[in-house]
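# Coordinates in review
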Amino acid sequence: MPPLMVGFDLDMTLVDSRPGIAAAYRALTARTGVSVDADAAVSRLGPPLRTEIARWFPPEQVEEAVRAYRELYPAYAITPTLPMPGAVAAIAAVHERSGRVMVVTSKIGRLAKLHLDHLGLAVDELAGDLFAEEKATALGEHGATLYVGDHVADMAAAGAAGIPGIGVATGPCTGDELRAAGARLVLDDLTGFPAALDRIIRLALEQ
């Protein structure tokens, strides 16, 4: 088979960024005076930032609010973010099989890299600012074997790339929703990933 390359989503797949993102939204409210329900916002992580910002700001203010949020993000969102259970071991399991790991996320790359560096997550490639089927381009360019994510849009990305999508029920989407979106396998969280990896690789060979 081709060299093993496992793609992972970031938010709520590899990292629990809810506390940090909530803090960034509260800082955005303090800066702009526009009330953002941070708890509601972090309950639906996955889609691009502009999608969430547009819920709270009028259209003519969305781009400025996005810029302000991203300015605030490094100071508020990085330190509170933690690795998801099993994330470190999942990455290690890929490397132990002489594989490589890439992160493909809707978060812009420079902010995603801050998380990865802060948490010491050993990722070989990073592609940011991509959502749903847009992620398929990066997955294809890097020869991804499979893609792991917590959102139905991640399963759409895997399908568009022609590779198995592996769901983790740690984000806003249930296991049933992930299966309905095309997940070939759904795990409760990444703690089960190392033990399932050889089976997952076989799924990729059958694809």
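Residues numbered from 1 in each chain as written. Predicted model: local features only at pLDDT ≥ 70, side-chain atom pairs only at ≥ 80, totals over all residues. Heavy atoms only, no water.

## A closer look at the pairing of strand β4 (residues 100-104)
- In terms of residue burial, β4 counts as a mostly covered element, since four of its five residues are buried.
- For strand β1 (residues 5-8) and β4, the ladder comprises four bridges, and the chain directions are parallel. Considered in β4, the bridge of Val 6 is made with Val 101.
- Sheet analysis places β4 next to strand β5 (residues 125-127), joined by three bridges and oriented parallel. Counted as the bridge partner of Val 104 is Ala 127 from β5.
- Each parallel crossover has a hand, and the one from β4 via helix α6 (residues 109-119) to β5 is right-handed. (Buried < 20%, exposed > 50% of the residue type's maximum accessible area, 1.4 Å probe, protein only. Helix = DSSP H or I, 4+ residues; strand = E, 2+ residues; numbered from the N terminus. Pairing = 2+ DSSP bridges. Right-handed = clockwise from strand over helix to strand, strands pointing away.)

## Description of the sheet that holds strand β7 (residues 165-168)
- The six strands lie next to each other as β5-β4-β1-β6-β7-β8, forming an open sheet whose pairing is parallel. Of all the strands in the sheet, just β5 and β8 (185-187) have a single pairing partner and so form its edges. The average angle at which neighbouring strand axes cross in this sheet is 20°, direction not considered.
- Relative to strand β6 (residues 146-149), β1 runs parallel, the two being bridged by three bridges. Looking at β6, one finds that Val 6 is bridged to Leu 146.
- Along the sheet face, helix α10 (residues 193-206) touches β1, β6, β7 and β8 and points at about 170° away from the line of β8. (Axes fitted to C-alpha atoms, helices over the stretch in contact; angles between N-to-C directions. Contact = heavy atoms within 4.5 Å.)

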